[in-house]
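Per-entry structural report
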Amino acid sequence: MASNGQSIWGEVIDLYREVFAAPVRIARFLGMPAVFSLAAALFFQFRSIQYLGHEPDQEQWGEFGFIFLVLVVFQTWAHMRSLSAWGRWVRTGQEPVTFLQPGFGRNEWAATGWQILYFFMLLIALMVLMFARALVTDSSVEDQAGPGVWLAVLAGAIAVGVLALHVTVRLGIGLMAVLAGETPAFSRYWGASSVLGWRLTGVVLISQAVLQVPCFLINRLLMGDWLTASTTSPPDVVVSLLWTLAMAVVNFICVALLGVALARAHRALSQDGTAALVLPAAGGQGR
């Protein structure tokens, strides 16, 4: 992502302009998998409301597990389809898929495999961090910790989160290369993206936070208490389902913003020659 003298805020604004220049493009790039994902999410929430205040039995847990699996499959399909389509759009200015096309070929399968591998690596790292935290902290002391301790813990969690985002974004450029049909070369793209420093991370962080932080605050300050204390009366069900729908839409928009940011970075590294110098095996196909 070339700065062209722009501030990070300027790049964030440009990101939103490109994504929302044609809002229907967001839906077209997500395709039918997003519709099935939304349906699964709404059904999952509806069934959860029905069991509110009751301990689910084994059969109900099995139902929840199946619905959740369906949700994950279609959501992953929609997300990868969207990333691939936005990548092609940024590279060529052409819309590669229609709403009804599957939009999931060899490149998308390969990228999904790498994404799953990265997810498990993050999960292992999280488990190691939690284990290390359990070793160095005393639960009895933790319950009596003052505000200063919790602020320190919060600051540490934010630092770890930003670092994880930085790693994810830099590896994400390699994922966009895979979606473009290039030879997987994550370590080399990691080296090539060093010229971007933390700039790309800042752009992604701000563009996502603009939507995610207000949703988080609304959920914690208003919706969480509403849904926890509510019954299954029709108004509460409607509010719950509408909130689930709104969060899903925000999630899809965030994927589009991430896709454009990563695709621009991939294009910039190729155009200024950095990727060609660092990535002899990647070659820069598809541009």
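Residues numbered from 1 in each chain as written. Predicted model: local features only at pLDDT ≥ 70, side-chain atom pairs only at ≥ 80, totals over all residues. Heavy atoms only, no water.

A few words now on the UniProt feature "transmembrane region" (unreviewed entry) in the chain. Look at the UniProt record and you will see "transmembrane region" (unreviewed entry) annotated at residues 26-46, 61-78, 116-136, 148-179, 200-222 and 242-263. Helix and strand shares over residues 61-78 are 100% and 0% respectively, and the end C-alpha atoms of the span are 25 Å apart. Within residues 242-263, the helical portion is 100% and the strand portion 0%, while the C-alpha atoms at the span's ends are 32 Å from each other. (UniProt positions renumbered as here; feature names shortened; annotations may be inferred. Helix = DSSP H or I, 4+ residues; strand = E, 2+ residues; numbered from the N terminus.)

Moving on, we come to a nonpolar patch on the surface. There is a patch of nonpolar side chains on the surface, built from Ile116, Phe119, Phe120, Leu123, Leu126, Met127 and Met130 and spanning about 710 Å² of accessible area. Among the structural elements, Leu126 can be located in helix α5 (residues 106-136). Under the relative-accessibility criterion, Leu126 is labelled partly exposed at 46%. (Patch = residues over 30% accessible without salt bridge, like charges linked within 9 Å, V, L, I, M, F, W, Y side chains within 5 Å. Areas by Shrake-Rupley, 256 points an atom, 1.4 Å probe, with all protein chains shown as cover. Salt bridge = Lys/Arg side-chain N within 4 Å of Asp/Glu carboxyl O. Buried < 20%, exposed > 50% of the residue type's maximum accessible area, 1.4 Å probe, protein only.)

Chain-level pLDDT for the chain is 80 on average; 80% of the residues reach the 70-or-more range. Low pLDDT (under 50) marks residues 277-287, which in the prediction has 19 contacts with non-local residues, meaning those over four places away or in another chain. (pLDDT = per-residue confidence, 0-100. Contact = heavy atoms within 4.5 Å.)

Once that is clear, we can look at the packing of aromatic side chains. According to the stated counting rule, one finds 11 aromatic pairs in the structure shown. With a centroid separation of 4.9 Å and an interplanar angle of 90 degrees, the aromatic rings of Phe104 and Trp109 are classed as edge-to-face. Relative to Phe186, the ring of Trp114 lies with its centre 4.8 Å away and its plane at 55 degrees, an arrangement referred to as tilted. In this pair, Trp114 is assigned in helix α5 and Phe186 in helix α8 (residues 186-192), connecting sequence segments 72 residues apart. Here Phe186 falls in the buried class, since its relative accessible area comes to 16%. (Phe/Tyr/Trp six-rings, centres within 6.5 Å; stacked < 30°, edge-to-face > 60°.)

This part covers the environment of Phe44. Turning to its location among the elements, Phe44 is positioned in helix α3 (residues 32-50). It is 8.6 Å that separates the C-alpha atoms of Phe44 and Leu71, two residues lying 27 residues apart in sequence. Ignoring any residue separated from it by four or fewer positions in sequence, one finds Phe44 in contact with Phe64, Ile67 and Phe68.

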